[in-house]
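# Residue-level structural notes
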Amino acid sequence: MALWHFISSFFFLFFYLSATVKAAALTTAISANERLCFFADVDKAGEKIGFYFAVQSGGSFDIDFDVKDPNDKVILDGVRERQGDYVLTANTVGEYSFCFENDMSTLTEKLVDFDIMVESEPRREAPGKPGQISEHTSALEESVFRLNGMLMNIKRMQKQHHTQENRGFSVVKSTQNRLFWYAVFESLGVVGMAVFQVYVLQTFFTKTGRRYKV
């Protein structure tokens, strides 16, 4: 019976901890000279806001961004940033804006992968009735919090590898396109030079003389 209470309390704490996080992971394309904003609601003061982004492709893999609170006050910004991972404390209840701006590019589109998480601090309370599993509560909570931390680290590493893979693919694709057009222009140049040489030789060996009538 005690084992059943231990297992049930473990899953209760795990799902409670998961339920305290509201997240939105998205990938969006931002055209040249475009400003694109996303929004997240904070229900109470003191909540934690996690903000992660990484430019996957386009140009030099950089972009401008800013984060504003419900009073339209800038609480975080950056210029020509390739990626970022921030944790903010929301001191004001309301709607927070997360904006990206691609004004440094005139033609290049940027592909941005970002994640917005609003997390409430979990209450360290025993899930069962008083006296049921009090000897296991503290150790169980610590185990759940450590497990959550390890999962977040794994998720962060996966995002970094995903970003590196996309950037490498973008560089390879760009290089491939440049080599293709270089080969096309080189071939056209060779053909044009051959035609010009044939024309010069034909003109050089063509006899042009004057004829006189007697």
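Details of the structure are given in the entry above.
In this report, we go over the structure that sits alongside the text. (Residues numbered from 1 in each chain as written. Predicted model: local features only at pLDDT ≥ 70, side-chain atom pairs only at ≥ 80, totals over all residues. Heavy atoms only, no water.)

Attention now moves to the overall build of the protein chain. The helix and strand inventory of the protein chain stands at 2 helices and 8 strands. Helices and strands in the protein chain line up, N terminus first, as α-β-β-β-β-β-β-β-β-α. Expressed as a percentage of its 214 residues, the buried residues of the protein chain come to 29%. As displayed, the protein chain offers around 14800 Å² of accessible surface, 60% of which is attributable to carbon and sulfur atoms. (Helix = DSSP H or I, 4+ residues; strand = E, 2+ residues; numbered from the N terminus. Buried < 20%, exposed > 50% of the residue type's maximum accessible area, 1.4 Å probe, protein only. Areas by Shrake-Rupley, 256 points an atom, 1.4 Å probe, with all protein chains shown as cover.)

Let us now look at the pairing of strand E8 (residues 110-119). Summarising burial for E8: 8 of the 10 residues are buried, a large majority. Inspection of the sheet shows strand E3 (residues 47-57) paired to E8 by 9 bridges, in the antiparallel sense. For Tyr 52, the partnering residue across the bridge sits in E8 and is Asp 115. (Pairing = 2+ DSSP bridges.)

On to the packing of aromatic side chains, then. If you walk through the whole model with that rule in mind, you get 11 aromatic pairs. Seen in terms of ring centroids, Phe 53 and Phe 65 are 4.8 Å apart; in terms of plane orientation they differ by 50°. Their pairing is tilted. In this pair, Phe 53 sits in strand E3 while Phe 65 sits in strand E4 (residues 63-68), placing the two residues 12 residues apart along the sequence. Note on accessibility: Phe 53 and Phe 65 belong to one class, buried. (Phe/Tyr/Trp six-rings, centres within 6.5 Å; stacked < 30°, edge-to-face > 60°.)

The backbone of Asn 33 shows a phi angle near 60°, a positive value even though the residue is not glycine. Along the chain, Asn 33 falls in the loop between strand E1 (21-30) and strand E2 (35-42). Positive phi is not limited to glycine here, since Phe 61 has a value of about 60°. Examined against the element boundaries, Phe 61 turns out to sit in the loop between E3 and E4.

This paragraph deals with the sheet that holds E4. Spatial ordering of the open sheet is given by E2-E7-E4-E5, a layout of 4 strands whose pairing is antiparallel. Of all the strands in the sheet, just E2 and strand E5 (74-81) have a single pairing partner and so form its edges. Across the sheet, the mean angle from the axis of one strand to that of its neighbour is 10°, orientation sign disregarded. One ladder, built from 5 bridges, connects E4 with E5; its direction is antiparallel. By the bridge assignment, Val 67 is partnered in E5 with Leu 76. (Axes fitted to C-alpha atoms, helices over the stretch in contact; angles between N-to-C directions.)

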